[in-house]
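# Breakdown of the fold
Each chain is listed here by its residues.
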Amino acid sequence: MIEVAHLSKQFGTFRAVDDISFSIPTGQIVGLLGPNGAGKTTTMRMITGFLSPTAGSISVDGTDISENPVEAKRKIGYMPESAPLYSDMIVDDYLRYVAQVQGVNADEKVPALCETCGLKEVMHKNIADLSRGYRQRVGLAHALMNDPEILILDEPTSGLDPNQIQDVRDVIKEIGKTRTVIISTHILGEVEMLCARVIIIAKGKIVADSPTDELREKYGHAASVFVQAAGCSYDELAAAVSGATGVAGCTKEAAEAVEGMQTTALLAHADGDAEIRPAVFKAIAEKGWTLYELSLRRNSLEDVFHALTQSDAAQGEAQ
């Protein structure tokens, strides 16, 4: 169990994290999301004890990380985005070295991690000769060496090819069955596949905290309809569609090219679970405009993320 209470972090006059609170129970995989500079990496570093908070508290299973950092950190495994490894060492030697440093029985733990992280084929290879995917797995094995109750992963699949990404995701799913896992990633599809819950941070504050499968309904429209028509301006199309029954609003979209025809397009957002296509079709037909497309688009986690954080998109990295 992780308890974060009124956590803040100040760098000079810049407040990277601003009075955030949340708790994560044992056995939950949580996605921590936010645009660059939003404060998510700073938050993760404070949870792991790499940074001290300016204000607030962090406790791991009831142990305050500021008051008893050694005991709290024993419960945490951390893999940063670029896992720091000794590239001139053989994988087996490296993991045995990590086991020795952490006071773990290497003869028992290293073979088990080799199996868990899928390292059997490279145990006797030099780390410098490994692909990025295998280097990530070695970093994951390092993070798991002391059998932590909490695993924190910062961009665990960054820079991997599709096959490597799937392999690492499978490992994380297996690990998440028995541990608390916090994942920071920019790959929103990954969050939908792996995480039971999503916390979104923007400008150092939590703007959403919800089960993943409820996020779209709670913070966005359940569905939208893509509309492309000719014979009207965007303003005319938006006014007509917005007046259709069940439409909560419209946003402008790029129109797909239609040879020899000037078209305009928008997304019509449904009010709750309303089926709006018949009403939208009728509104356009009554105006005599030519309809080229009317298609349902389920709202994605990416849509929600943009809606909640788009004002922060231009921020530079300040973590």
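Quantities reported herein were computed from a predicted structural model and do not represent experimental measurements. (Residues numbered from 1 in each chain as written. Predicted model: local features only at pLDDT ≥ 70, side-chain atom pairs only at ≥ 80, totals over all residues. Heavy atoms only, no water.)

## Let's talk about the overall build of the protein chain
Looking only at helices and strands, the protein chain features 11 helices and 14 strands. Seen through its C-alpha atoms, the protein chain measures out along the principal axes to roughly 75 × 45 × 35 Å. The burial tally for the protein chain puts 47% of its 319 residues in the buried class. Nonlocal contacts in the protein chain, meaning residues at least 24 apart in sequence, comprise 69% of its contacts between residues at least 6 apart. Put simply, the protein chain shows about 15,200 Å² of open surface, and 48% of that area lies on carbon and sulfur atoms. (Helix = DSSP H or I, 4+ residues; strand = E, 2+ residues; numbered from the N terminus. Buried < 20%, exposed > 50% of the residue type's maximum accessible area, 1.4 Å probe, protein only. Contact = heavy atoms within 4.5 Å. Areas by Shrake-Rupley, 256 points an atom, 1.4 Å probe, with all protein chains shown as cover.)

## Considering the sheet that holds strand 4 (residues 55-60)
Reading across the sheet, the 4 strands line up as 2-1-4-5 and stay open at both edges, with antiparallel pairing between neighbours. Edge positions in the sheet fall to strand 2 (14-24) and strand 5 (63-64), since each of these pairs with one other strand and no more. In this sheet, strand 5 lies alongside strand 4 in antiparallel orientation, the contact comprising 2 bridges. Bridged to V60 within strand 5 is T63. (Pairing = 2+ DSSP bridges.)

## Here's the deal with the environment of L130
Locating L130 in the fold gives a position in the loop between helix 4 (106-116) and helix 5 (132-143). Sequence separation between L130 and D92 is 38 residues; the distance between their C-alpha atoms is 13 Å. Beyond its immediate chain neighbours, meaning those up to four positions away, L130 contacts V91, V122, K125, R135 and V138.

## Remarks on the pattern of salt bridges
Taken as a whole, this structure holds 14 salt bridges when the rule is applied. A salt bridge links K75 to E149, with the nearest nitrogen and oxygen atoms 3.7 Å apart. Separated by 74 residues along the polypeptide, K75 in the loop between helix 2 (69-73) and strand 6 (76-79) and E149 in the loop between helix 5 and strand 7 (150-154) bring together distant segments of the chain. Connected through shared salt-bridge partners, R15, D18 and K205 make up one network. (Salt bridge = Lys/Arg side-chain N within 4 Å of Asp/Glu carboxyl O.)

## Details of the environment of N163
Tracing the backbone shows N163 in helix 6 (residues 162-175). For the pair N163 and G133, spaced 30 residues apart in sequence, the C-alpha to C-alpha distance is 9.0 Å.

## Considering the pairing of strand 13 (residues 263-270)
Counted residue by residue, strand 13 has 8 buried out of 8 residues, so it is predominantly covered. The alternating pattern of strand 13 places T263, A265, L267 and H269 on one face and T264, L266, A268 and A270 on the opposite face, and all of these are buried. One ladder, built from 7 bridges, connects strand 11 (residues 223-230) with strand 13; its direction is antiparallel. Across the sheet, F226 pairs through a bridge with L267, a residue of strand 13. In this sheet, strand 13 lies alongside strand 12 (residues 247-253) in antiparallel orientation, the contact comprising 6 bridges. Bridge pairing links T251 to L267 in strand 13.

## Looking at helix 3 (residues 91-101)
Looking at helix 3, one finds that the buried residues are V91, D92, Y94, L95, V98 and A99. For helix 3, the angular spread of the buried residues around the axis is 165°, confining them to a single face. With respect to the buried face of helix 3, the exposed residues turned more than 90 degrees away are Q100 and V101. G103 sits one or two residues past helix 3 and shows a positive phi near 70°. (Arc of directions from axis to C-beta.)

## A short note on the packing of helix 9 (residues 234-242) against helix 10 (residues 277-287)
In contact at an axis separation of 8 Å, helix 9 and helix 10 are set at 130° when each is read in the N-to-C sense. Taken together, the axes of helix 9 and helix 10 are oblique relative to one another. Crossing handedness for the pair helix 9 and helix 10: right-handed. Contacts between helix 9 and helix 10 involve L237, A240 and V241 from the first element and V280, A283, I284 and K287 from the second. Class assignment for the residues of the contact of helix 9 with helix 10 results in 6 nonpolar, no polar and 1 charged. (Axes fitted to C-alpha atoms, helices over the stretch in contact; angles between N-to-C directions. Parallel < 35°, antiparallel > 145°, perpendicular 65-115°, else oblique. Left-handed = near helix turned anticlockwise from the far one by under 90°. Nonpolar A, V, L, I, M, F, W, Y, C, P; charged D, E, K, R; others polar.)

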